[in-house]
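Remarks on the overall topology
Residue strings, one per chain:
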Amino acid sequence: MNGEELLAAVLLALAGGSGITGLAMNYLRRYIDRRLEQGEAEALQRQEHRQRRQEVEDQLHHAYGRCIFWLNHAVTKSPPNGELAQAMEELAQAEEIKKKLDREILAAYEKE
């Protein structure tokens with residue numbers, strides 16, 4: 001408890017009519033402030049998770065599109081020349097990144 005909090009506690013004790021009521025009000029205020037800060041931190045973490053998940057989903061959809069493009073190209077135009085294999089590798093990497101992010105998010109919420 002720093003000097004400012006001590007002074008606030010003393011002033012609330014005096015203003016509360018009795019010392020116990022003022023101290024109780026001070027501790028109640030501090031408890032509410034801590035809970036609000038905790039709620040804001042959790043909301044910020046959820047927003048960060050949503051944003052990261054959207055980025056991973058975009059990457060995964062792009063990889064799906066590239067695979068479909070090269071499959072279509074291989075079927076309609078010419079035999080595959082390596083681009084399809086590379087697109088499949090990128091798709092596998094994107095799926096692995098998504099799985100890793102899902103595990104990270106689940107682990108963050110399980111510890112609460």
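Structure: above.
These notes cover the structure that comes with them. In this text, all values refer to a predicted model and were calculated from it rather than measured experimentally. (Residues numbered from 1 in each chain as written. Predicted model: local features only at pLDDT ≥ 70, side-chain atom pairs only at ≥ 80, totals over all residues. Heavy atoms only, no water.)

1. Some thoughts on the nonpolar core
- Counting residues in hydrophobic clusters, the biggest one holds eight residues: L60, A63, C67, W70, L84, A87, L91 and A94.
- Mapped by element, the contributors of at least two residues to this core are helix 2 (19–76) and helix 3 (83–110).
- With sequence-adjacent residues up to four places away left out, L91 is seen in contact with L60, A63, Y64 and C67. (Core = buried A, V, L, I, M, F, W, Y, C linked by side-chain atoms within 4.5 Å. Buried < 20%, exposed > 50% of the residue type's maximum accessible area, 1.4 Å probe, protein only. Helix = DSSP H or I, 4+ residues; strand = E, 2+ residues; numbered from the N terminus. Contact = heavy atoms within 4.5 Å.)

2. Considering the pattern of salt bridges
- Scanning all chains against the criterion turns up five salt bridges.
- Salt-bridge contacts for E104 lead to R52; the nearest nitrogen and oxygen are separated by 2.7 Å. Placement of E104 in helix 3 and of R52 in helix 2 is noted, with a sequence separation of 52 residues between them.
- By relative accessible area, E104 is classed as partly exposed at 36%.
- Across the pair K98 and D102 runs a salt bridge, and its minimum N-O distance is 3.4 Å. With a gap of four residues between them, K98 and D102 both fall in helix 3, about one helical turn apart.
- One continuous salt-bridge network, built from bridges that share partners, spans R53, E57, K98 and D102. (Salt bridge = Lys/Arg side-chain N within 4 Å of Asp/Glu carboxyl O.)

3. Describing the packing of aromatic side chains
- Applying the stated criterion to the full structure yields one aromatic pair.
- Measuring from centroid to centroid gives 4.9 Å for F69 and W70, while their planes differ by 80°, and the two rings are edge-to-face.
- Judged by relative accessible area, W70 falls into the buried class, the value being 15%. (Phe/Tyr/Trp six-rings, centres within 6.5 Å; stacked < 30°, edge-to-face > 60°.)

4. Notes on helix 3
- Taking 1.5 Å per residue as the helical rise, helix 3 with its 28 residues ought to reach 40 Å, and the 40 Å between its terminal C-alpha atoms agrees with that figure.
- Restricting attention to buried positions, one finds in helix 3 the residues L84, A87, L91, A94, K98, L101, I105 and A108. (Expected span 1.5 Å × (residues − 1).)

5. Points about the environment of W70
- If you trace the backbone, W70 turns up in helix 2.
- W70 sits twelve residues away from G82 along the chain, and the two C-alpha atoms are 9.5 Å apart.
- When residues no more than four places from it in sequence are discounted, the contact partners of W70 are E83, L84 and A87.

6. A word on the side chain of H49
- Within the fold, H49 resides in helix 2.
- If we skip the residues at most four places from it in the chain, H49 touches I105, A108 and Y109.

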